[in-house]
Each structure stands twice: as structure tokens, then as C-alpha cells.
Amino acid sequence: MTTSAAAVRDEVVPVWDGRLRLHVKVAGSGPPLVFFHPLSGLTWDPLLDRLAEQHTVYAPEHPGTSPGEPRAIDEVATFGELLLVYDELIGALGLDRPAAVGQSFGGMVAADLAATIPRLLSRLVLLAPVGLWRDDAPIPLTEMVAGPPENMPGYLFAHPDSAAAEAMLALPADPALIPAAIAQGAWNIGCTTKFAWPIADHGLGRRLHRVAVPTLIVWGREDALVPVAYADEFGSRIAGSKVELIDDCGHAMQADQPARTWAAISDFLDS
Amino acid sequence: MKVSLFAQVPYRYLPDGFEERYSSAVTAPYGLVEPGRVHDSMFSAYAELMAGARAGFDGICVTEHSQSSYDMAPNPTLMAAAVAAATRAEGLDVAIAVLGRSLGKTREPLKIAEEYALLDVMSGGRLIAGFPVGLSYDANLNAALPAIETRERYREHRELILRAWTAPEPFPWNGKFEKYGQVNVWPRPVQQPYPPIWIPGTGTPSTLRDILANDFAFVYLSWDGPKLVGREVFDRYWELADSLGRDRNPYRVAFLQVVAVAETDERAELEYGRHLEAHYRSGPGAIPGTMMAVPGYVEPAGIEAMLRSGGPAGMLARMRTASFRDLVESQVAIVGSPATVADQIEAFVREFRIGNLMVMLQNGSMPRDLTEKNIALFTSEVLPRLRPIWDAEGWQNRWWPRGLPAPVQDRAVPVGTEGSTR
């Protein structure tokens, strides 16, 4: 059974003393799972459909990335506040220790939530998260974000010409909708990079030892944005964590290697 | 009207084809330069500003850009300080416009309050204080501040600086970005309550409204000349002024124009053509469009409008391959004999109601002798035609420096010079 896009509903949850109305996409049934999206914003893709087959998936939109509410981002001053906002959101949704899957920027969010508020989550899946820094493995975030758009696929995919990769970056078929789509896409990156600029290092490396839930770390070996060297940096700091490396796979792993990515995640969540 | 000389500090010896291989901002490789030629470029810029001050310009103007090959002016108050001191010593009564320190880029806004105040004191009240947001590449890549906070920072910093200049007592500042226990800036500007404030902007309605509401001057740094968007920007500006109850005083606005004058149109093309082409191609044309709007710098509605209109990024892309003909026909640069140049300038000055004109007379590889010829011809043949344009309307230029306040006794006049008085 697959969840169709029509089955995804939008819940608006007031948090942060009413100053934020977070949009959360919800689908599926089963134990709760929160998905934290990457830098570019939330796209309901086949990975989320798969997750929704066995979980009730809650996918919040980062403040400011919901269309029509760009300045919501101003209500969140720091990355620390963002973590508190999500703590409140999980409470407001009535979720009791949900699992969390975080990708890239969202991986940093999920990892720091687990480190900062140890009893909030039950399980943690980190898909090529940012959050650490090594001088010998620089993360070319500013180059990607401020560089020519035609370079973007090279940072994200091992196979930029694949149908899945092209689908992920596709613009609307209707030319009249393209400017709005580009504008929203750029603004989404502005909202997330507020807490990742120019280097996404909020001291997570000094807190990761506090993560006390079963943790899976998944990385593409050909990741051109966040080098695979960071897999062990996360793995070695989180006791008992498991690291899965995927061959022939870049940063957006669900596009490059959907089957292997899903196998790693589902094995872990089912175990 | 007031006519000022505007200068950037380009490295004048970039290799041919620079723009095909490099960006002129952020990543321009410093290995291309020869240190002696950096000195030559820098000192020539200073000497030309002084030549302009001596030749009769009303003011000199400088801007800030870090990590740039087309404007080696990471802190324009340094160049302005040299000109302020030298013009003071020579008794030249020229305004010093810094257009300016970027308030959305700085991590140390009180340093700007102090530097501007020092310039105003040193020059004897001749400072024009420019408060630009800062270009996206400069604020968000060079200074690496999150793009989405650029304008918030700008607003906080401007408020802090104005308060630091005017507060009678030391005060605490608990801002979002800056926190201080006791703000008590020494020195403060000699112009009271503070120097004229000029705000560079691209002409978006929100910026224009802010400028008009605060009674600041609007600076349009028109890299694309008057023809392409000038009409739209200034129609919008004056309509907003009407709706906010502001008068149509032309001194509310300042406009920058690139100009090259020779004896005849033909000689102008011959002498300036290749330098102008090289400037647009290797300077503004070699800033990648994406660096001008790092995601978060412009709100979604602004990006949409930019994409639908072709926008500044499109303009920069065209400059990368611009020919002399393109530049002249679009009036990106106004080039020719004194009569040609004066006619074209006078037309847009009257149409847009520009009271403060800034002209940029040096570009890219243009050498000092040619620039000084441009300065001499412009000041002797063109400027006299422009200066009286608004005289008949009788407006007061409230956005021009006021000099030393009357009660202050000048005790520091160098031997043989007169103090700057207005």
C-alpha cells in the first residue's frame, strides 16, 4: 500500500506562545515519526510515502518556508530557539517519544534535539546531517547556495541526470508559476541557512555524547556536499549508533539510491 | 545643483579576458596582482579625487566593497579620511560623501558611528553619512552574515548609530544583534544633530517609503544608467513623496552616472571606449548574479518581481559582454563631446528631478592622465551648464553638509589656509 499525495493533510499548530503557526504535513498510520526536512524545504517525496506505510509521519515546515508567511522566520532568533520550538511542537501534537528522521539540515535539527532534550525522541535516523566541521573535509555550503543554479545538481546527486534527481529539482510545467517557485525555493534556503551560515556548527560535536536513543546514520559515499568523512564523526560520538554507507550515492540519497536508502532505514526502524 | 565626483578603486591592470575566468567579487584571485600596481591603482584614485576637489566639484564620493577587484575599498572611511585631511589643509570646501559603510554587513556598528564622527570633525563638518544596507555578496558572503537577517541588522544598526550621535547621556543598548552597557561615542559629528544622511537603494517601494518617512536623501547608484529603469524608479519615488506629504525638492535625491568627455564624440570613443568596455565586463559584469541575491537577502515577492522584469541580475549578465555601442546607447555610460554629455545629463536630471548628481569619471583600466583629462573637461565644459539647473525653483539643499557650527572657534587652521566655512 502506498500513500498518495492526496492523503497528506496540512495541520497548523500554534506554538511559541502563539507567535508561530507551524504547518505540519501529516500522513499514514502507526507509531509517530517526525521528519525534519533538508535545506531546500519540505517536499513530500517517495521516501516519505514509504515511511507513512508503517508510521504516522509528521513533517513540519521550517518557520518561514510555508508559502505566504515568509517573515515567520523572524520569530525564531537562534538555533537554540528552533530546538525549543520543535520541542513545543512535539508536545502540542501530543506525540509521546516519536521516532525522528532528519535529512541534511534536518539531520542537524534532529540530532541536536536528541542531544539537548534526551527524553524527547525514541529513535533517531540521520541522513547525511550537517552540524559538524572538519578543516580537512570542508562543506561547500556557501559555494552551493550562492553559486550558479546549474552547479546545484552536482552537489546533491551522484547521478544528476537520473529521472529521480531531475524530478527533485523540477520547476512547474506552467511557465507562469516558475518565478514564484524559484522565489519560494530561494527563500526556503534563506530560512534554513539562517541557522547554518556560513558554517553549520553550533557546538553539536560537544553535545552528541548525550544522544541516548538507538541511532542510525546513513551516508552516500559520493556525497559532494557533506563528505562521507562525517559519518564516522557522528558515529563515534553517539554510543551504540550504527553507520550505513551506500555506494554510488550522493547527498540526496533517496534520489540516487532509493532502494538501498529505504532498506537501511526500514531495517533499523523495524528492529 | 550639486555635482560631485564619485570614485571606486579598481585594480587597473587586470589581464584581458579576466571576466571569462574569474568573478570580480568574493573569489577574485589576488595572485593576479602586482603589489606596485595595487599601489598605483590606489594612489591614482586618491590623486584623482583630489584633482576633482581642486577642479571645482562640490563633493567627492566613495563606496565600500570587500574582496573585490573592481573596488579595493574595504573601508571607504580610510580613503575619505585622507581626502578630508588634504582638502582641509588646502582649504577646499568640498563635501565628503561616504556611501558608505554598509550597515547590514558590519559586525561593529559603533565603529561606524565613531569613524563617521571623526571624519565630520576632521573635515570641519563636510561629511555626508551614507547608510547603505550593503550588497548581498558583501554582507552575506564576505562578511558571511545570514542573508535573511541583513535588513534587520541594518535597521538596528542605523537606529543605534543615530542614537549614539545624539543621546545626551551614556545609554545601554539591548538589541537583537548588539548589546552594550554604556554607549558614549567620542567624538561625535560637529554637524548638529548629525550629518546629512544619504541612503543608497535600488528603488523598492519599502526602501523609498523608509527614506521619505525619515526625510533622508535617496541615492540611486545607477549602474544601468537613466534609460532602463530610471523613469520607473523616480516616478515611483515622487509619487510616494506626494502621498507622504513631502515636497518635490530635487535635493532629496542623488543620482550616479558614468561619464566620459573628450573634445569630440569621435575622440571620446577612441580614448575611452576600450576602458569602458573593460570596466563593465571585468567589474560589475563579472559579479555572478547569484551573489547579488544570496537566498534570504530578497523576500519571495521581490525575487518574483525581479525574475518577471529581468532584474539586476539580468543587467549584470549583459554587462559581461557589453560593447561600447551597447553602453552608450543604453546610457549606462554617457560619452562624447561636452555638448553631447551635457545635453544627455541635463535631460534626465530635469526629468527625474535630480538635485545631487554624482559622476564617475574613472573606470576599470582607465589611466590617471586620461581620468584627469576627463575631470578637467567635465568641470570646465559640462559642470557650468548643470550647476544652475534648479536655481530658478529656489529650493534649499537640506541634504548638504553644513560645516562647523557657528559658535565653534577654529583653532586648527594650518598656516596659509582658510578654514572651511559654510
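Residues numbered from 1 in each chain as written. Chains lettered and ligands numbered in written order. Predicted model: local features only at pLDDT ≥ 70, side-chain atom pairs only at ≥ 80, totals over all residues.

Visitor: Lay out the overall build of chain A in plain terms, naming residues and giving numbers.
Guide: Across its full length, chain A carries 10 helices and 8 strands. In terms of overall dimensions, chain A is globule-like: its C-alpha atoms have a radius of gyration of 17 Å, near the 18 Å expected for 271 residues. C-alpha atoms of chain A, sized along the principal axes, occupy 50 × 45 × 40 Å. In chain A, which comprises 271 residues, the proportion classed as buried is 46%. Considering only contacts within chain A whose residues lie at least 6 apart along the sequence, 71% involve residues at least 24 apart. (Helix = DSSP H or I, 4+ residues; strand = E, 2+ residues; numbered from the N terminus. Rg over C-alpha atoms; globule rule 2.2 N^0.38 Å. Buried ≥ 20, exposed ≤ 12 C-beta atoms within 10 Å, placed from the backbone. Contact = placed C-beta atoms within 7 Å.)

Visitor: Talk me through the sheet that holds strand 6 (residues 123-127) of chain A; I want residue IDs and the actual numbers.
Guide: Residue and element names in this part refer to chain A. Strand order in the open sheet formed by 8 strands is 1-2-4-3-5-6-7-8, and the pairing between neighbours is mixed. Taken across any chain shown, the strands that pair with only one partner, and hence form the sheet edges, are strand 1 (9-15) and strand 8 (242-246). Averaged over all adjacent pairs, the angle separating strand axes in this sheet is 20°, with direction ignored. Pairing geometry for strand 2 (residues 20-27) and strand 4 (residues 56-60), over 4 bridges, is antiparallel. By the bridge assignment, Ala27 is partnered in strand 4 with Val57. Most of the contacts of helix 1 (residues 46-54) go to strand 4, to which it runs at about 140°, and overall it touches strand 2, strand 3 (32-36), strand 4 and strand 5 (99-103). (Pairing = 2+ DSSP bridges. Axes fitted to C-alpha atoms, helices over the stretch in contact; angles between N-to-C directions.)

Visitor: Which residues make up the interface of chain B and chain A, and what are the values?
Guide: Each partner contributes residues to the interface: chain B has 19 residues there, and chain A has 23 residues. Here the side of chain B that touches chain A takes 5 residues from helix 10 (residues 300-309) of chain B, the largest share from any one element.

Visitor: An account of helix 8 (residues 225-243) of chain B is needed here, citing residue identities and associated values.
Guide: All names here are of chain B. Spanning 19 residues, helix 8 covers 27 Å between terminal C-alpha atoms, matching the ideal 27 Å at 1.5 Å per step. A bend of about 45° at Arg231 is the largest found in helix 8. Taken as a whole, helix 8 has its buried residues at Gly225, Pro226, Gly230, Val233, Phe234, Tyr237 and Ala241. Where helix 8 is buried, its residues touch helix 7 (205-213), strand 8 (217-221), strand 9 (253-261) and helix 13 (338-352). Remark: Gly245 follows helix 8 within two positions and exhibits a positive phi of approximately 75°. (Expected span 1.5 Å × (residues − 1). Bend = angle between axes of the 7 residues up to and from the residue.)

Visitor: Before we move on, could you go through the pairing of strand 6 of chain A and cite the residues and values that matter?
Guide: Residue and element names in this part refer to chain A. Of all 5 residues that make up strand 6, 4 are buried, and the element is covered over most of its length. The pairing of strand 5 with strand 6 spans 5 bridges and is parallel. Following the sheet pairing, Gln103 is matched in strand 6 by Leu127. Note on the crossover from strand 5 through helix 3 (residues 105-116) to strand 6: the handedness is right-handed. (Right-handed = clockwise from strand over helix to strand, strands pointing away.)

Visitor: Please provide a residue-by-residue account of the environment of Pro388 of chain B, values included.
Guide: Tracing the backbone through its elements, the reader meets Pro388 of chain B in the segment after helix 14 (368-386). For Pro388 of chain B, a count of 9 C-beta atoms within 10 Å puts it in the exposed group.

Visitor: Tell me what's going on with the confidence of the model for chain B, and back it up with residues and numbers.
Guide: All names here are of chain B. Confidence in the prediction of chain B, expressed as mean pLDDT, is 94, and 94% of residues score 70 or more. Segment residues 418-422 is flagged for pLDDT under 50; beyond a separation of four residues in sequence, or across chains, it makes 13 contacts in the model. Scored as a complex, the prediction yields pTM 0.94 and ipTM 0.93. (pLDDT = per-residue confidence, 0-100.)

Visitor: Before we move on, can you summarise unusual backbone geometry with the specific residues and values?
Guide: Note on backbone geometry: most residues besides glycine have negative phi, and most peptide bonds are trans. Omega for the peptide link from Trp197 of chain A to Pro198 of chain A comes to -10°, which places this bond in the cis form. A cis amide bond, omega 0°, links Leu99 of chain B with the succeeding residue Gly100 of chain B. With respect to the helices and strands, the residue Gly100 of chain B is situated in the loop between strand 3 (95-98) and helix 4 (109-123).

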